[in-house]
Protein chains: 4
Amino acid sequence: MAKEIKTIGVLTSGGDAPGMNAAIRAVVREAIVKGLKVKGIKRGYAGLLQEEIVDMEAKDVSDIIERGGTILQTARCMEFTTPEGQQKGAEICKKHGIDGIIVIGGDGSFKGAQKLAALGINTIGLPGTIDLDIACTEYTIGFDTAVNTAMEAIDKVRDTSTSHERCSIIEVMGRGAGYIALWCGIANGAEDILLPEKYDYDEQKLVNNIIEKRKHGKKHHIIVNAEGIGHSASMAKRIEAATGIETRATILGHMQRGGSPTAKDRVYASTMGALAVDLLCEGKTNRVVGYRHGAFVDFDIDEALAMKKEIPEYEYQIAKNLSI
Amino acid sequence: MAKEIKTIGVLTSGGDAPGMNAAIRAVVREAIVKGLKVKGIKRGYAGLLQEEIVDMEAKDVSDIIERGGTILQTARCMEFTTPEGQQKGAEICKKHGIDGIIVIGGDGSFKGAQKLAALGINTIGLPGTIDLDIACTEYTIGFDTAVNTAMEAIDKVRDTSTSHERCSIIEVMGRGAGYIALWCGIANGAEDILLPEKYDYDEQKLVNNIIEKRKHGKKHHIIVNAEGIGHSASMAKRIEAATGIETRATILGHMQRGGSPTAKDRVYASTMGALAVDLLCEGKTNRVVGYRHGAFVDFDIDEALAMKKEIPEYEYQIAKNLSI
Amino acid sequence: MAKEIKTIGVLTSGGDAPGMNAAIRAVVREAIVKGLKVKGIKRGYAGLLQEEIVDMEAKDVSDIIERGGTILQTARCMEFTTPEGQQKGAEICKKHGIDGIIVIGGDGSFKGAQKLAALGINTIGLPGTIDLDIACTEYTIGFDTAVNTAMEAIDKVRDTSTSHERCSIIEVMGRGAGYIALWCGIANGAEDILLPEKYDYDEQKLVNNIIEKRKHGKKHHIIVNAEGIGHSASMAKRIEAATGIETRATILGHMQRGGSPTAKDRVYASTMGALAVDLLCEGKTNRVVGYRHGAFVDFDIDEALAMKKEIPEYEYQIAKNLSI
Amino acid sequence: MAKEIKTIGVLTSGGDAPGMNAAIRAVVREAIVKGLKVKGIKRGYAGLLQEEIVDMEAKDVSDIIERGGTILQTARCMEFTTPEGQQKGAEICKKHGIDGIIVIGGDGSFKGAQKLAALGINTIGLPGTIDLDIACTEYTIGFDTAVNTAMEAIDKVRDTSTSHERCSIIEVMGRGAGYIALWCGIANGAEDILLPEKYDYDEQKLVNNIIEKRKHGKKHHIIVNAEGIGHSASMAKRIEAATGIETRATILGHMQRGGSPTAKDRVYASTMGALAVDLLCEGKTNRVVGYRHGAFVDFDIDEALAMKKEIPEYEYQIAKNLSI
C-alpha cells in the first residue's frame with residue numbers, strides 16, 4: 001500500500017533555469033492546500049547533506065514567480081554521487097520527517113532522485129534546464145525564457161551587423177544539445193545554424209554560402225552557433241580571412257540562464273510543480289513529470305533516462321529554406 | 001487528380017496578431033524554394049476584391065520576422081460575406097493566375113477560405129489570432145506574444161499595487177475566450193481570475209476573498225478580468241465601496257495586439273507558413289493547419305469549424321490553489 | 001551650530017515611482033558608510049504617525065535596486081496635514097532618536113518635510129514622481145522609466161494601428177503636467193500630442209490634420225493625449241464620426257508606475273540618495289535635492305516650492321515638425 | 001555673408017549607435033519643413049567618395065525612429081583621411097548640389113567634417129557613439145540605450161550568479177572610456193567596477209574584497225569590467241584560483257550597439273537632428289552639437305576636439321559606498 005505523505009521536501013539541482021522559482025512556489029502552495037508540510041532544501045543535494053533545511057509557508061514564496069534564478073539556490077555535489085552520500089541523504093530526509101521529495105533539475109539530478117527513491121524516500125523529478133535536453137519531455141523549465149533572451153540579444157546584434165555589413169557569429173548555450181541554437185536560428189532568421197547533432201558542418205560550405213548571399217545583396221550574415229560546436233572566436237577569424245568580410249563573434253554566456261521567466265515558463269512550471277505534489281499525494285515515486293503530445297504526463301525515471309531525443313528534421317529543413 | 005500549383009497568394013484577415021509577418025515571410029520563401037510564384041494580397045478580402053495584389057520576392061520579406069503587425073495589412077470586408085463577393089474574389093484570383101491561396105486569420109477568415117475552395121481556388125488556412133479561440137489547434141499565431149505583453153504589464157501594475165496596498169483589476173483581451181486571462185492569471189500569480197467560460201462569477205464571493213486575503217497579510221490583490229466579462233471600471237467602484245480597499249481598473253487594450261513576436265510565435269508561425277505551402281504543393285485544399293498533441297497537423301476546414309474547445313480544468317484549479 | 005546627526009529616517013510618500021527603491025538603498029548604505037544608524041518608516045507619513053518604524057541594515061536593501069515600487073510602501077495621510085499631526089510626527093521622530101529624515105516624494109510630500117524641519121527634525125527631500133512636475137529639478141525619480149514604459153506600449157499600439165489603418169489615441173499619465181506626453185509624442189513619432197500646458201487644443205484642427213495626413217498616405221495616426229486633458233474614449237468616438245476613420249482609445253494607466261527602473265533612474269536615484277545623506281551630515285535641513293544644469297544641487301524647500309516650470313518650446317515645436 | 005543653404009546631405013560614420021535613425025529622421029523632416037532638399041549619403045565617407053547618394057523624402061524615414069542601427073549604414077574609410085580624399089569628397093558634394101552636410105558620429109568623424117568645412121561645405125557634427133567619449137557634451141546618441149542593454153543583461157547574469165553563489169565578471173563596451181562600466185556598476189549594484197580612467201586596479205585588492213564580502217554573506221560578486229581594461233577571461237581564472245570561488249566571465253559584445261533606442265535616445269537624437277538643420281539654416285559651419293549644463297548647445301569643432309572629459313568623482317565614490 002502506498003505510503004502516506006505528510007511532509008515533502010523540495011530542492012533545485014544542476015544549472016539554474018528561469019521558472020524554477022515558479023515551480024518552487026507551486027510545490028509549496030499546492031502542498032499546503034493539500035494539507036502537507038513543506039521543507040525547502042537549500043543548494044541541492046549539497047545542502048541536503050549539510051542539513052540546510054528550512055520550513056516553508058505560503059508567504060515564503062510570495063513575489064517570486066516573476067524572478068529568475070532559484071531562491072533555494074543550487075550547487076554541484078560529488079558526495080551525493082556515492083552510495084554513502086545517498087544513504088546519508090535518505091537518513092537526513094527521515095530525520096526531518098520528509099516522506100517525499102521533489103527534485104527540479106536535469107538528467108543528472110534525476111539519477112540522484114532514483115537513488116533516494118530506492119532508499120525509501122518517494123521522489124518526483126521536474127525537468128528544469130534551459131537546454132531542453134531531457135528526452136521524455138517536449139518542454140523543460142527555462143528553455144522558453146532562455147530562447148527569448150538569446151533571440152532578443154541576436155536581434156540587437158543583427159541591427160549593428162546590418163549597419164556595418166558584417167558577418168556575425170553568435171554562440172548560444174545548450175551544452176551538447178542544439179535546441180536553443182535551432183530555435184534562435186529560425187526566430188532570428190539566421191543565414192546559417194550550426195548544431196552539434198548535425199554532422200554536416202563544413203567550413204568551406206559556410207564560406208561559400210556567405211559569399212553567395214552577399215552577392216545576392218544580403219547586408220548581414222548571421223550565424224547562430226551552438227555551444228556544443230563552440231570555437232566561435234577562431235571561426236570568425238578564419239571566415240573573415242576567407243571571405244574578406246568583417247566578421248565578429250559574440251558568446252552570449254550566462255545571461256541566458258537568468259531573467260524574469262516568460263509566460264510559458266511561469267505557467268508550465270507552476271502546473272508541473274502542482275502536479276508533482278499531486279503525484280506524491282497519490283503515492284507515486286521514482287517518477288519524472290513531462291509535457292508530451294499536448295499533455296502533462298509522468299514517466300518512471302529509469303524509463304525516462306533511457307529515452308532518446310532528436311532535432312526535428314522538418315524545422316531544421318525549413319530553417320534553411322527560409323534563410324534565402 | 002490534384003491541380004498543379006504554380007502561383008499562390010497570401011493574405012492576412014481579421015484582427016492582426018504578432019507573428020503574422022513571420023508566417024508571411026515563411027510562405028513567400030518556402031514558395032520560392034519550391035519553385036512557385038507568390039502574390040501578396042493587401043488588406044485581406046477587401047484588398048482581394050479591389051485587386052490590391054503585388055508580386056513578392058524573397059527580399060520583400062527581409063527584416064520582418066521580428067516586427068509586429070502585418071505588412072500585408074488587414075481589414076474587414078462585408079462584400080466578401082455575400083455569394084457575389086466570393087464569386088468575384090475567385091474570378092480575381094483566376095485573372096491573376098493565383099491557383100492557391102493561404103489565409104492567415106481566425107474562424108471568420110476560414111469561412112471565406114471555404115467559399116474560395118468551393119469555387120476552385122485551393123485554400124489553406126493558418127490560425128492567426130491572439131485569442132487562442134480556434135478549436136482545432138492548441139496554438140494560434142500571436143497568443144504567446146499577447147500573453148507575455150499582458151503579463152509584463154500586469155507585473156508592473158503589481159509593483160504599484162503592492163506599494164499602495166491596492167486592489168487592481170486588469171482587463172485583458174480575448175473577446176469571448178478566457179485563455180489570455182487564464183494564462184496571465186497563473187503567470188502573474190493573480191489572487192482572482194474572471195473567465196467568461198466559468199459561470200461562477202459572484203461579486204460577493206470576490207469581495208469576501210479580497211477581505212479574507214487582506215486579513216492574511218496580502219499587500220495587493222490582483223484580479224485578472226477577461227474582456228468577455230468586461231465592465232472593469234464599474235466593478236472597481238463596487239469593490240472599493242464593499243471592501244473599503246482602494247481599487248483601480250486598467251484595461252490593457254490594443255497594445256496586446258502589437259510588439260515584436262516571441263520566439264515561440266516566430267518559430268511556430270514560420271513552420272506553419274512553410275507547411276501551408278507544402279500542403280498546397282501536395283494538392284491539398286480546404287484545409288486549416290493546427291498544432292495538436294505535439295505536432296503540426298491539418299484539418300478539413302468544415303471539420304475544424306465544428307470542433308469545440310474548453311478551458312483546461314486542471315490549470316484553472318491550480319490557478320486558484322496557488323493564489324493562497 | 002549644526003546639530004550632530006546620529007540616526008536618520010527614510011520614507012516614501014505620495015504616488016510610488018520606479019527608482020524609489022534605488023534611492024532607499026542608497027540612503028541606507030551611504031548612511032552606514034558614514035557611521036549613521038538608519039530607520040525605515042513604512043507607508044509614508046501615515047506610518048510615521050503609527051510608529052511603523054524598523055531598523056535597516058545594509059543587507060535589508062540587497063537586491064532591490066532593480067525592483068519597481070517601494071519596499072517602504074506609501075500612503076496618503078490626512079492627519080499629517082494638520083498642525084497636531086505634524087507635532088505628533090516630530091515627537092515620534094524624537095522618541096525614536098531620529099535626528100534627520102529623508103522624504104522621497106513630490107511637492108505635497110515636501111510640504112510635510114518643511115513642517116518637520118520647522119519642528120526641529122532635519123529634513124531633506126528627494127524628488128520622486130513619474131510626472132516630472134517638480135519645478136526645481138530637470139529630473140525626478142521615476143520619470144525616465146515611466147516614459148520608456150509608455151513609449152514601448154505605444155510602439156505596440158502603433159503596430160496594430162498600421163495593420164488596420166486606424167487612428168489611435170493613447171492617454172498617458174502625468175496628472176496636470178504634460179511631460180510624459182511630450183516625451184512619448186516625440187519618441188513615438190506621434191502625429192499629434194495634446195498637452196494641458198498648451199491652450200491650442202481644437203478638435204476641428206485635429207480632425208483636419210487626421211484627414212490631411214491620411215490623404216498624404218499615412219497608414220496610422222497616433223495621438224498621445226495627456227491625463228491632464230483626458231476624455232480619450234469620448235474623443236475617439238467624435239473623431240471616428242468626424243473622419244470616418246476607425247479610432248480607438250487606450251488609457252495606459254497604472255502600469256506606468258511600476259516596472260524595473262531604467263539605468264538613468266537607478267543611477268540618478270542612487271546618487272540623490274547618497275547626496276541626501278551627505279547633506280544631513282553637513283547639518284543641512286529644509287532642503288530638496290535637484291538635478292539642474294547638469295549637476296546635482298540642493299535648494300531651500302520654500303524656494304523650491306515657489307519655482308515655476310514650463311514645457312520646453314523648442315521640443316514642442318520640433319515634435320510638430322517631425323510628425324509630417 | 002552666410003552662404004544660403006538649399007540642399008543638405010546627411011551621413012552616419014564610425015560605429016553605429018541606437019538613435020542614429022531618430023537623428024536621420026529629424027534631419028530629413030526638419031529640413032523639409034524648412035524648405036530644404038535632403039540627400040542621404042550611404043556608408044559614411046566611403047559612400048560619399050563612391051557617390052552613394054540618394055534623395056530623401058519625409059516618407060523615407062517613416063517607422064525608423066524605433067529601429068536600432070542606421071538606415072544609411074556606416075563604414076570606415078581610409079581614403080577620406082588623406083587631403084586628396086577630402087578634396088574629392090568636397091567636389092562630390094558640390095557636384096550633387098550639397099551646400100551643407102550633417103555628420104553623425106564620434107571625434108574621428110568630426111575631423112572629417114572639419115576638413116569638408118575648410119573646403120567650403122558647411123558642416124555640423126552630431127555626437128553619435130555609445131561610448132560617451134566626446135568631451136564637449138554630457139550626452140551622446142546611443143549611450144543611454146547601450147547602458148540599459150548592458151544593465152538588463154547584467155541583471156540576468158546576477159540571477160544565476162546568486163543561485164550558484166558565483167563571482168561574475170561582465171565586460172561592457174566603451175573602448176578607452178569607462179562610462180558604460182561606471183553606469184552599469186551603479187545601476188546593477190556591482191560589488192566592483194574596473195575603469196580604465198582609474199589607476200587603482202590591483203588584483204590582490206580585488207581578491208581580498210571578494211573574500212571579505214563573501215564572509216559577510218554576499219551570495220554573488222558582480223564585477224563590471226570596462227573594455228578598456230579587458231582580459232576578463234584570464235582575470236576570471238586567476239580570481240577563481242585565488243579565492244576558491246567559482247568565477248565566470250561574460251563579454252557582452254556587439255549586442256550593446258543594437259536594439260530599439262530608449263526614450264531619451266529618441267528624444268535627444270530627434271532634437272539634435274532638428275537643431276543641426278536649424279544651425280545650417282543660420283549659416284553656421286564647422287560646429288558640433290552638444291548637450292551641456294541642461295541645454296542643447298553648439299561648439300566650434302576645433303574647440304570641441306580640444307576639450308577633456310573625466311569620470312565624475314562623486315559617482316565613482318558612491319558606487320563604492322553603495323556596494324557594501
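Residues numbered from 1 in each chain as written. Chains lettered and ligands numbered in written order. Predicted model: local features only at pLDDT ≥ 70, side-chain atom pairs only at ≥ 80, totals over all residues. Heavy atoms only, no water.

Student: Teacher, can you tell me more about the relation of the copies chain A and chain B here?
Tutor: Of the transformation placing chain A onto chain B, the axial shift is 0.0 Å and the rotation is 180°, giving an RMSD of 0.0 Å. Considering both components of the superposition, the chain copies are consistent with a two-fold axis. Within chain A, A:His293 has its C-alpha nearest the rotation axis, a separation of 1.9 Å. Mapped onto chain B, 100% of the interface residues of chain A again fall at the interface, so both copies present the same surface. (Least-squares fit on C-alpha atoms with pLDDT ≥ 70 in both. Contact = heavy atoms within 4.5 Å.)

Student: Honestly, the interface of chain A and chain B in this entry has me stumped. Any pointers?
Tutor: Interfaces are frequently sized by the accessible area removed from exposure as the parts join. Every contact between the two is made by 48 residues of chain A and, on the other side, 48 residues of chain B. Between chain A and chain B, the buried area comes to about 3,800 Å², and carbon and sulfur atoms account for 59% of it. Joining chain A to chain B, the criterion identifies six salt bridges. Between B:Asp63 and A:Arg158 there is a salt bridge, and its shortest N-O distance comes to 3.3 Å. For the pair chain A and chain B, the interface holds 22 residue pairs in polar contact (both at pLDDT 80 or more). (Buried area = accessible area lost by both parts, 1.4 Å probe. Salt bridge = Lys/Arg side-chain N within 4 Å of Asp/Glu carboxyl O. Polar contact = N/O pair within 3.5 Å; in protein donor to acceptor, adjacent residues only side chain to side chain.)

Student: So what exactly am I meant to see when it comes to the pattern of salt bridges here?
Tutor: Two side chains carrying opposite charge are able to pair once their charged atoms lie near each other. As enumerated under the stated definition, the model contains 88 salt bridges over all chains in all. The shortest N-O distance in the salt bridge between B:Glu30 and B:Lys34 comes to 3.1 Å. According to the relative accessible area criterion, B:Lys34 is partly exposed, its value standing at 39%. When salt bridges that share partners are traced, they join A:Asp63, A:Glu66, B:Arg158 and C:Arg67 into one network. (Buried < 20%, exposed > 50% of the residue type's maximum accessible area, 1.4 Å probe, protein only.)

Student: Looking at this structure, I do not really get the confidence of the model for chain A. What am I missing?
Tutor: Low-pLDDT portions of the prediction should not be read for the details of their coordinates. Per-residue confidence for chain A averages 96 on the pLDDT scale, and 99% of its residues sit at or above 70. Here the prediction assigns the complex a pTM of 0.98, and the interface score ipTM is 0.97. (pLDDT = per-residue confidence, 0-100.)

Student: What's the story with the UniProt feature "domain: Phosphofructokinase" (unreviewed entry) in chain A in this structure? I'm lost.
Tutor: On the UniProt side, "domain: Phosphofructokinase" (unreviewed entry) is annotated at positions that read residues 8–280 of chain A here. Secondary structure content for residues 8–280 of chain A is 44% helix and 16% strand, and the end C-alpha separation is 9 Å. (UniProt positions renumbered as here; feature names shortened; annotations may be inferred. Helix = DSSP H or I, 4+ residues; strand = E, 2+ residues; numbered from the N terminus.)

Student: Explain the packing of helix H5 (residues 143–164) of chain A against helix H6 (residues 179–187) of chain A here, please?
Tutor: Each pair of packed helices gets described by two things: the angle between the helix axes and the distance between those axes. Residues and elements named next belong to chain A. Interaxial distance between H5 and H6 falls to 9 Å at its minimum, and their mutual angle equals 45°. In terms of axis orientation, H5 runs oblique to H6. As H5 packs across H6, the resulting crossing turns out to be right-handed. Side by side, H5 and H6 meet where Phe 143, Ala 146, Val 147, Ala 150, Met 151 and Ile 154 of the first sit next to Tyr 179, Ile 180, Trp 183, Cys 184 and Ala 187 of the second. Among the residues making up the contact of H5 with H6, the classes are represented as 11 nonpolar, no polar and no charged. (Axes fitted to C-alpha atoms, helices over the stretch in contact; angles between N-to-C directions. Parallel < 35°, antiparallel > 145°, perpendicular 65-115°, else oblique. Left-handed = near helix turned anticlockwise from the far one by under 90°. Nonpolar A, V, L, I, M, F, W, Y, C, P; charged D, E, K, R; others polar.)

Student: How should I be thinking about the pairing of strand S11 (residues 295–300) of chain A in this particular structure?
Tutor: Along any regular strand, the residues point their side chains to alternate faces of the sheet. As paired elements, strand S10 (residues 287–292) of chain A and S11(A) share six bridges and run antiparallel to each other. The residue bridging A:Arg287 from the neighbouring strand is A:Asp300, located in S11(A). (Pairing = 2+ DSSP bridges.)

Student: Would you explain the sheet that holds strand S7 (residues 192–194) of chain C in this entry?
Tutor: Pairing between the strands of a sheet comes from backbone hydrogen bonds, and it takes one of two forms, parallel or antiparallel. Residues and elements named next belong to chain C. Across the sheet, which stays open at both edges, the four strands sit in the order S7-S8-S6-S9 with parallel pairing between neighbours. Each edge of the open sheet is held by one strand with a lone partner, namely S7 and strand S9 (247–251). The sheet shows a mean angle of 15° between the axes of neighbouring strands, taken without regard to direction. One ladder, built from five bridges, connects strand S6 (residues 167–172) with S9; its direction is parallel. Paired with Cys 167 across the two strands is Thr 247, which belongs to S9.

Student: Would you take a moment to explain the interface of chain D and chain C for this structure?
Tutor: Opposite the 48 residues of chain D that make contact, chain C presents 48 residues. Summing the contributions of chain D and of chain C, the shared interface buries around 3,800 Å²; its carbon and sulfur component is 59%. Run the count over chain D and chain C and you get six salt bridges. Of all the secondary-structure elements, those providing two or more residues to the side of chain D that touches chain C are helix H1 (20–33), helix H5 (143–164), helix H6 (179–187), helix H9 (263–281) and helix H11 (313–321) of chain D. Broken down by element, the side of chain D that touches chain C gets its largest block of residues, 10 residues, from H9(D). Of the residues belonging to the side of chain D that touches chain C, the class tally is 22 nonpolar, 12 polar and 14 charged.

Student: Just checking my understanding: could you explain helix H11 (residues 313–321) of chain C for this structure?
Tutor: Since the α-helix turns once every 3.6 residues, residues separated by three or four places project in the same direction. Within H11(C), the full set of buried residues consists of C:Glu315, C:Tyr316, C:Ile318, C:Ala319 and C:Asn321. Check the buried side of H11(C) and you find it contacts helix H6 (179–187) and S7 of chain C together with H1, H9 and strand S11 (295–300) of chain D.

Student: Can you help me understand empty space enclosed by the protein in this one?
Tutor: In this approach the atoms are scanned with a rolling probe the size of a water molecule, which exposes any empty space left behind. Within this structure, the stated rule accounts for one cavity of 30 Å³ or more. Considered as a void within the structure, the largest cavity measures approximately 30 Å³ in volume. Residue lining of the largest cavity: C:Arg25, D:Gly185, D:Ile186, D:Gly189, D:Ala190, D:Ala319, D:Leu322 and D:Ser323, and that is the complete set. When grouped by side-chain class, the residues that make up the lining of the largest cavity number four nonpolar, three polar and one charged. (1 Å grid on protein atoms, 1.4 Å probe; cavity = no way out; pocket = protein on both sides within 12 Å on 5 of 7 lines; lining within 4 Å. Points joined across faces, edges and corners; volume = space filled by probe spheres on them.)

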